[in-house]
Structures are given as structure tokens and as C-alpha cells.
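Read off the chains here:
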Amino acid sequence: MKRLFALILLVVLATVGLAAAQSPQRVIIDTDPGIDDAMAILLALNSPELKVEALTVVPGNVDGRQGLENALKIVSLAGRCDVRVASGAQHPLNQKLITAQYWHGKNGLAGVELPTAKCRADSQFGPDLIIETVHKYPHEVTLIPVGPLTNIALAVSKDPSIVSLVKNIVIMGGSITGGNVNGAAEANIYGDPEAAAIVFNAGWMVTMVGSDVGERTLILRKHMEELQSQHGPESDFIVKLADFYLTRSEKSGYQGAAMYDPLAVAVAIDPSLVTLKDMHVDVETKGEFTRGETVANRMGSDENNVLHGDHYEIDGVIELKPNARVCLASDAERFLQMFISRLKGK
């Protein structure tokens, strides 16, 4: 009888363990819905590994009003009105908003007009929705910010306790080899450097998927052809976005279009798609030429300069605690095949 009970208990525990292993990861995508944001959202909605709890909207590629409209139309296209969509901050913490219609089209979605949204906006303020969801599901929620970090900074500033309750935070932002706005800064960090500084110094370990890796993870014309081989409302929409995005990128001298935001979602699904290295990252907020730069310390330490009379001498080093897992490279083709297979014919 004892053996039978033990066997039953083992079966129950194995079943519970398997169910836990197969449970989708709860995520909140904080987004400024432009072209690659739309791709990222649809990838997440079509990935069984993820349960998208909410989209919180931040201004960046477009203003907050247009971003909310775009987000609602995207979840409506996917038939996912179960996903809460909430408006967040309407401007950066300490500077004027910079929008990017040059890269994303007048409406942020390559000028593609989606049907009127069937889904409705949540009444809650985006940062408050983040706080509420993290407390509702402690240690279960992964945050995926793919725009400026204003909403995340506001949530952390209002309730610092969420830092220890968040399972993971995977951002699309920053770079350790130069910027895409200028020589130093990446667009999402440049869009709100003060917010980024708060997020990187909040006390959690940020997974940073930077523009430098995004620009080596390119969607090409051949990938568009694969998407076009099976028609569906979502894949047809993505092809239209990609065509605009590729045309703009090609005119600017690129071979393809950078898959910035979708790569961040993919990293949340499968971190083995990228190479990560722990580093300490600071955000420059004051530099004339470097405002918005993510300054990554690859050595893990700073030299310790000690005053000796009229000069300083190096006296060893000061060890720095890593605050970020920095993406150094991606398996671009494996990622793109994941992206295409999940959206093909959808």
C-alpha cells in the first residue's frame, strides 16, 4: 500500500512539474507602436511560450495618442481583445518628445490603415497596470520594454518593491558600439535618458538587446517572400510593414531592415538565440555628444585613483557589480525562421 501511495505521489508530482514547465511565461510589452513594435507584438501573441498580460503604451516612434490607437488595432487584428491595452506617459521625464515618422511612416505603421479597433483601451494608467500585474503574479512577470523607458521608470519610482517581484526584464535599447541616433546613443535610450538611468539602476538584472545587435539581425527581401507564400491577415500586414521598412533602410544604405523589437521578444522566449555577457551599464545623461549613451564596462572594474601630493596614482581597481546581461550577437537566421514560421499565414 505504501509503495502504491508513493507511486501515485510521484506521478502527481511529475504531472504538476510538467504542467509548470509548460506554463507560458507572463509578459507585459511596453511599446511605442511603430513598425518593428507591431512585428514584436504579433510575434509575442503567436508564441505559445508567452502569455501577454498587457500592452502599455509609451510615446516614442509616435505620440501617445497614435501609439494607443495602433496598439488597439494590432490586438484587434490578432483577435486578442483579452490583452489589456493601457495608455501610459505622454512625454519623457525631462525633455521634449522625439518621434520617428521618418522611419515608421506618418501613422507609425508605414501608412498602412488597419480596420477600426474592436478592442477597447483599459482605463488604468500604464505604469499602475504594470505595478498591479507584477503584484498579482509575483516572480512570474517578464517586462519587455521596446520603446523609451518612461513607463517602467514611473512604475519603479512609484513602487520600488516591484523590482524584486519581476521575473525578468528584457529591453530593446542601448548599444555598446555606437548609436543609431548619432555617434553615441540608441533611439529608445536617447528618447528618455533619465528614465533609462532609473531603470538600469533599479536593482534588477536588465537583459539589454541593443541596436548594435539588431542591426546585424536583418529581415531581407527573401524573408518577405517566405512570409508572402501563405496569406493571412497578420502576415499580409507584416509584409506591407516590412516592404516600407526595407525600402527606407535600403535607401539609407542598409542591406535589410533591423529587427530590433522582435529580437527582444524572441530573447524572452529563447535566450539561446543570442550571446549574453554580464556587465555594468551606466546611462549618460549630461554629455554634449554622448547624452543617452549606454556606457558598458566590459572589464568589470574601474581603476582606483588615489591622490598623492599633486597627482593621482592608480591603486588597484574597484570591482563593479553587473546590472545588465548585454547582448553581443544573435543567431539571426534561426531567429528569423522562428519569426516567419510563427507569423506565416496568420
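Structure's up top.
A few points on the structure. On a predicted model such as this, the values are computed, not experimentally measured, just so you know. (Residues numbered from 1 in each chain as written. Predicted model: local features only at pLDDT ≥ 70, side-chain atom pairs only at ≥ 80, totals over all residues. Heavy atoms only, no water.)

## Quick look at the sheet that holds strand β13 (residues 324-330)
No. 1: An order of β3-β2-β1-β4-β5-β6-β13-β9-β10 is seen for the nine strands of this open sheet, with the pairing classed as mixed. The strands lining the two open edges of the sheet, one partner per strand, are β3 (84-87) and β10 (294-297). In this sheet, neighbouring strand axes are inclined to one another by 30 degrees on average, regardless of whether the strands run parallel or antiparallel. (Pairing = 2+ DSSP bridges. Helix = DSSP H or I, 4+ residues; strand = E, 2+ residues; numbered from the N terminus. Axes fitted to C-alpha atoms, helices over the stretch in contact; angles between N-to-C directions.)

## Considerations on a nonpolar patch on the surface
No. 1: Taken together, the side chains of Y102, W103 and Y254 present a nonpolar region at the surface, about 330 Å² in accessible area.
No. 2: Since its relative accessible area comes to 41%, Y254 is described here as partly exposed. (Patch = residues over 30% accessible without salt bridge, like charges linked within 9 Å, V, L, I, M, F, W, Y side chains within 5 Å. Areas by Shrake-Rupley, 256 points an atom, 1.4 Å probe, with all protein chains shown as cover. Salt bridge = Lys/Arg side-chain N within 4 Å of Asp/Glu carboxyl O. Buried < 20%, exposed > 50% of the residue type's maximum accessible area, 1.4 Å probe, protein only.)

## Re the state of the cysteines
No. 1: If you walk through the whole model with that rule in mind, you get one disulfide.
No. 2: C81 shares a disulfide with C119; S-S distance 2.0 Å. Here the S-S torsion is close to -90 degrees, and the disulfide linking C81 with C119 is therefore left-handed. Highlighted residues: C81 in the loop between α3 (64-77) and β3 and C119 in the loop between α4 (101-104) and α5 (126-136), separated in sequence by 38 residues. (Disulfide = S-S within 2.5 Å.)

## Digging into the packing of aromatic side chains
No. 1: As enumerated under the stated definition, the model contains two aromatic pairs in all.
No. 2: A ring pair is formed by Y102 and W103, whose centres lie 5.1 Å apart and whose planes are at 90 degrees; its orientation type is edge-to-face.
No. 3: According to the relative accessible area criterion, Y102 is partly exposed, its value standing at 49%.
No. 4: Taking the relative accessible area as the measure of exposure, W103 reaches 33% and is therefore partly exposed.
No. 5: Judged by centre distance (6.4 Å) and plane angle (35 degrees), the ring pair of F335 and F339 falls under tilted. Of the two residues, F335 and F339 are both situated in helix α14 (residues 332-343); the distance of four residues between them amounts to about one turn of the helix. Each member of the pair F335 and F339 is classed as buried. (Phe/Tyr/Trp six-rings, centres within 6.5 Å; stacked < 30°, edge-to-face > 60°.)

## What about unusual backbone geometry?
No. 1: Positioned with a positive phi, A110 is a non-glycine residue whose angle comes to about 60 degrees.
No. 2: Mapped onto the secondary structure, A110 falls in the loop between α4 and α5.
No. 3: Look at H139: it is not a glycine, yet its phi comes out positive at around 65 degrees.

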